Amino acid sequence: MTIKLGSLFDGIGVFPLAAARCGITPVWASEIEKAPISITKRHFPDMAHLGDITRMDGGAIPPVHVLTFGSPCQNLSQIGNRDGLAGAKSSLFFQAIRIIKEMRDATDNLFPVIAVWENVMGAFSSNDRMDFRAVLSAFNAADIPMPTSGRWAGAGMVRGGTPDLSWRLMDAQYWASPRLARRQRIFLVADFGGRRSPEGDRGTFLEAGGRVPVTRPFQCFRMRASAKDRTPEAFRNSFGLPTDPFPTLLAGGVAPFAFWYEDDPAGGFVRFPTELECERLMGLPEGWTKYGADGEEIRAASRYKALGNAIALPCAEYIMAGIKEVLHDPV
């Protein structure tokens, strides 16, 4: 039988795309932003759009085997306001938990079989590390204790209740060849039908790529300070040091970068990534966000915002492939 997927906080349809690539059928999505909805409708014309999650009844919508949700991260991110799960945006996580419970109550605990939650690394540490504990407890409807170390590991599991929970911190740059953007995200798999949540782990598939140019995050603040103080060495360093981390691709803005080849440093330059390059950095098909459902071209600002909010496709596809492996005989 067909394995079906529903996607909450769908964005530009990365979970449905990953599912479709693995033989799982996306049947509905929930999203409220106009541009992402239009983009997703173009790629999945047969997928229903259910609108605002706060107005959905989990017991009335079509049941699915797999339910995915990357709930808003603004209050969990390390660059956000850090209000945690109590924040206006990130508290929508509990709406997804409500829908899961309503769907399971309405289907005699048959659906969903598996739920997948994705969020920023900051969820491990927000609210004095209590937010991730609240996430685990919400899934299990039980009080999950803190680890004895007082910190959440990058990978772990909770067993002994329903569902079986496993999570893993995945950095997109290590999950594709050539490498993608640096993007650390937590992926949590909740298995309501057994003890299979950690299965399907096939290891990373990063392989050696071809010639890679030198790219460094351009440090605007260094450039401004060095120009003011007239310090040539600091000005050169504004083009990036080997130890400078690249910022993740953000919904609120695009950071410039310096680019050159080792054998031609004078031929380098500083610029912003294009929308196409941002799609490539997320592992998406080229032009995925360029047009909407009616063929209208999506504004650049909307594309950058949608891509900054999106999930890296190789990570999502890796999760979906593991789910497809373990759901041999769906209901």
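Here is what the cut-offs are and how they apply
Residues numbered from 1 in each chain as written. Predicted model: local features only at pLDDT ≥ 70, side-chain atom pairs only at ≥ 80, totals over all residues. Heavy atoms only, no water. Phe/Tyr/Trp six-rings, centres within 6.5 Å; stacked < 30°, edge-to-face > 60°. Helix = DSSP H or I, 4+ residues; strand = E, 2+ residues; numbered from the N terminus. Buried < 20%, exposed > 50% of the residue type's maximum accessible area, 1.4 Å probe, protein only. pLDDT = per-residue confidence, 0-100. Contact = heavy atoms within 4.5 Å. Patch = residues over 30% accessible without salt bridge, like charges linked within 9 Å, V, L, I, M, F, W, Y side chains within 5 Å. Areas by Shrake-Rupley, 256 points an atom, 1.4 Å probe, with all protein chains shown as cover. Salt bridge = Lys/Arg side-chain N within 4 Å of Asp/Glu carboxyl O. Axes fitted to C-alpha atoms, helices over the stretch in contact; angles between N-to-C directions. Parallel < 35°, antiparallel > 145°, perpendicular 65-115°, else oblique. Left-handed = near helix turned anticlockwise from the far one by under 90°. Nonpolar A, V, L, I, M, F, W, Y, C, P; charged D, E, K, R; others polar. Pairing = 2+ DSSP bridges. Polar contact = N/O pair within 3.5 Å; in protein donor to acceptor, adjacent residues only side chain to side chain.

## Concerning the packing of aromatic side chains
Line of reasoning, step 1. Across all of its chains, the model carries 11 aromatic pairs by this definition.
Line of reasoning, step 2. Here F69 and F139 contribute two aromatic rings whose centre-to-centre distance is 6.1 Å and whose plane-to-plane angle is 35 degrees, an arrangement assigned as tilted. Of this pair, F69 sits in strand 4 (residues 66–69) while F139 is found in helix 4 (residues 130–140), placing the two residues 70 residues apart along the sequence.
Line of reasoning, step 3. Of the residues examined, F139 reaches a relative accessible area of 6% and is grouped as buried.
Line of reasoning, step 4. Seen in terms of ring centroids, W117 and F132 are 6.3 Å apart; in terms of plane orientation they differ by 35 degrees. Their pairing is tilted. Of this pair, W117 sits in strand 5 (residues 114–120) while F132 sits in helix 4, placing them 15 residues apart in sequence.
Line of reasoning, step 5. The exposure class assigned to W117 is buried, which follows from its relative accessible area of 0%.
Line of reasoning, step 6. Its relative accessible area of 0% is what places F132 among the buried residues.

## A look at the confidence of the model for the protein chain
Low-pLDDT portions of the prediction should not be read for the details of their coordinates.
Line of reasoning, step 1. For the protein chain, mean pLDDT is 85; residues scoring 70 or higher make up 84% of the total.
Line of reasoning, step 2. Counted against residues more than four places away or in other chains, residues 202–212, with its pLDDT under 50, gives 23 contacts.

## Description of unusual backbone geometry
Line of reasoning, step 1. That bond from F111 to P112 is cis: its omega, -10 degrees, falls within 30 degrees of zero.
Line of reasoning, step 2. Structurally, P112 is set in the loop between helix 3 (93–106) and strand 5.
Line of reasoning, step 3. In this structure, N127 is a non-glycine residue whose phi angle is positive, near 55 degrees.
Line of reasoning, step 4. Since its relative accessible area comes to 45%, N127 is described here as partly exposed.

## So, the environment of G122
Line of reasoning, step 1. Mapped onto the elements of the fold, G122 is located in the loop between strand 5 and helix 4.
Line of reasoning, step 2. G122 sits in the buried class, given a relative accessible area of 2%.
Line of reasoning, step 3. C-alpha separation for the pair G122 and F132, spaced 10 residues apart in sequence, amounts to 9.3 Å.

## Here we look at a nonpolar patch on the surface
Line of reasoning, step 1. Residues F235, F239 and V270 make up a contiguous nonpolar surface patch of about 220 Å² in total accessible area.
Line of reasoning, step 2. Tracing the backbone shows F239 in the loop between helix 6 (232–237) and strand 10 (257–261).
Line of reasoning, step 3. On the basis of relative accessible area, F239 is assigned to the partly exposed category, the value being 30%.

## Observations regarding the packing of helix 1 (residues 14–21) against helix 9 (residues 313–326)
Line of reasoning, step 1. The N-to-C vectors of helix 1 and helix 9 enclose an angle of 50 degrees; their axes lie 8 Å apart at closest approach. Here helix 9 runs oblique to helix 1, going by the angle between their axes. As helix 1 runs across helix 9, the sense of the crossing is right-handed. Between helix 1 and helix 9, the residues in contact are V14, F15, L17, A18, A19 and R21 and L313, A316, E317 and M320, respectively.
Line of reasoning, step 2. Among the residues forming the contact of helix 1 with helix 9, the class breakdown is eight nonpolar, no polar and two charged.

## Structural notes on the sheet that holds strand 5
Line of reasoning, step 1. If you trace the eight strands from one edge of the open sheet to the other, you get 3-2-1-4-5-8-7-6, paired in mixed fashion. Only two strands of the sheet have a single partner each, and these edge strands are strand 3 (48–49) and strand 6 (155–158).
Line of reasoning, step 2. Bridge count between strand 7 (residues 164–171) and strand 8 (residues 184–191): eight bridges; the pairing is antiparallel. Paired with S166 across the two strands is V189, which belongs to strand 8.
Line of reasoning, step 3. Along the sheet, helix 3 makes contact with strand 1 (4–8), strand 2 (25–29), strand 4 and strand 5, crossing strand 4 at roughly 170 degrees.
Line of reasoning, step 4. Running over the sheet, helix 9 touches strand 1, strand 4, strand 5, strand 7 and strand 8 and is turned about 165 degrees from strand 5.

## Some thoughts on the environment of T68
Line of reasoning, step 1. Within the fold, T68 resides in strand 4.
Line of reasoning, step 2. It is 6.0 Å that separates the C-alpha atoms of T68 and W117, two residues lying 49 residues apart in sequence.
Line of reasoning, step 3. Dropping the residues within four chain positions of it, T68 is found in contact with L5, G6, S7, L8, F15, V116 and M320.

## Overview of the side chain of S166
Line of reasoning, step 1. Here S166 lies in strand 7.
Line of reasoning, step 2. A polar atom in the side chain of S166 sits 2.7 Å from the side chain of S197.
Line of reasoning, step 3. Once residues within four sequence positions are removed from consideration, S166 is found in contact with G156, M157, F187, L188, V189, S197 and P198.

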